[in-house]
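Observations on the three-dimensional arrangement
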Amino acid sequence: MSASTGEIKKVTTHKLREMKQNGEKISMLTAYDFSMAKLVDRAGIDVILVGDSASNVMAGHETTLPITLDQMIYHAGSVIRAVDRALVVVDLPFGSYQGNSKEALNSAIRVMKETGAHAVKMEGGSEIAESIERILKAGIPVMGHLGLTPQSIYKFGTYTVRAKEEAEAQKLKEDAKILEEAGCFSIVLEKIPAHLAREVSQSLEIPVIGIGAGDGVDGQVLVLHDMLGITTEFKPRFLRRYLELGAEIDRAVKQYVADVKSGDFPNAGEQY
Ligand code: KIV
């Protein structure tokens, strides 16, 4: 909030760069729906990612591959309607940008036009640089994503730490530079060694946001449902659970079922 006007100061891509310059860490979480996005925005998050992890978390798919552009647009529109302050970034889903740069631009335009989001995120390095440049020329901010890129899970074969070997680490460093030079306003680094993420962050002007990439980066992102303890089977080392909401919901629903069955709910004061 701005003290003099009471107006909320929105987070912009420029603000994120300033935060890096000032050594202020950037906080980012996913959200996929209106209610959660409202809570997360009110609590003061800097960036909300409408991640294609919605494919896993919201739709129950095993991977992020099945979610469609129309479905991402539905989620992003719901989030945008809730948000007053945070910068909202939307994942371009698998199959909506890898074909060619025209397809990529059309997908990015649809996201911006139909949802009111502030930026898009895309997975990959040199191989998608041309698409990124084309999207940027249309005035759409792009966040990059390197390291463990879940849309390529069938190429990797596993969700283990990426870029442990020198060749892959070197390619990641080159890709990060390419993304910065192409004009990305920020990059997500997922599940790579902390020393490599620190080196990349120090070599770039743009903010680097990590997930499982250690403490040497400019900010952190987690999947909301993981850090709230709703998705309980997913327990990677990098995940800190801030709540056991799954257990709380279980307790509440069991109590409700018992109260309905026993006739305790509704009581005299809960009816007309
Ligand atoms: O889709 C997603 O949630 C993401 C984050 C894990 C960075 O891309």
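Residues numbered from 1 in each chain as written. Predicted model: local features only at pLDDT ≥ 70, side-chain atom pairs only at ≥ 80, totals over all residues. Heavy atoms only, no water.

1. Things to note about the overall build of the protein
- The helix and strand tally for the protein stands at 11 helices and eight strands.
- The C-alpha atoms of the protein give a radius of gyration of 20 Å, which matches the 19 Å a tight globule of 272 residues would have.
- Projected onto its principal axes, the C-alpha positions of the protein cover 65 × 50 × 35 Å.
- By residue count, 49% of the 272 residues in the protein fall in the buried class. (Helix = DSSP H or I, 4+ residues; strand = E, 2+ residues; numbered from the N terminus. Rg over C-alpha atoms; globule rule 2.2 N^0.38 Å. Buried < 20%, exposed > 50% of the residue type's maximum accessible area, 1.4 Å probe, protein only.)

2. Let's talk about the domain arrangement of the protein
- Split by domain assignment, the protein resolves into domain 1 (13-241) and domain 2 (244-272).
- With centres defined by C-alpha atoms, the gap from domain 1 to domain 2 works out at 38 Å. (Domains from an automatic or database assignment.)

3. So, the sheet that holds strand β7 (residues 208-211)
- Pairing is parallel around the closed barrel formed by eight strands, whose spatial order is β1-β2-β3-β4-β5-β6-β7-β8. Across the sheet, the mean angle from the axis of one strand to that of its neighbour is 25 degrees, orientation sign disregarded.
- By the bridge criterion, four bridges tie strand β6 (residues 186-190) to β7 in an arrangement that is parallel. Bridge pairing in β7 places L189 opposite G210. (Pairing = 2+ DSSP bridges. Axes fitted to C-alpha atoms, helices over the stretch in contact; angles between N-to-C directions.)

4. Considerations on the site of the ligand
- As a matter of local geometry, the ligand sits amid T30, L49, G51, D52, S53, D91, K121, H145, E190, I211 and V223.
- For the ligand, an oxygen atom lies 3.0 Å from a polar atom in the side chain of D52.
- Alone, the ligand offers 260 Å² of accessible surface; in the complex the protein occludes 96% of this.
- Counted by class, the shell around the ligand contains three nonpolar, four polar and four charged residues. (Near = heavy atom within 4 Å. Polar contact = N/O pair within 3.5 Å; in protein donor to acceptor, adjacent residues only side chain to side chain. Areas by Shrake-Rupley, 256 points an atom, 1.4 Å probe, with all protein chains shown as cover. Nonpolar A, V, L, I, M, F, W, Y, C, P; charged D, E, K, R; others polar.)

5. Some details on the environment of T160
- Note that T160 resides in the loop between α7 (153-156) and α8 (166-182).
- Residue T160 is classed as partly exposed on the basis of its relative accessible area, which comes to 47%.
- When the C-alpha atoms of T160 and Q202 are compared, they prove to be 24 Å apart, with 42 residues separating the residues in sequence.
- Engagement of the side chain of T160 in a polar contact is seen with the side chain of T158, the distance being 2.7 Å.

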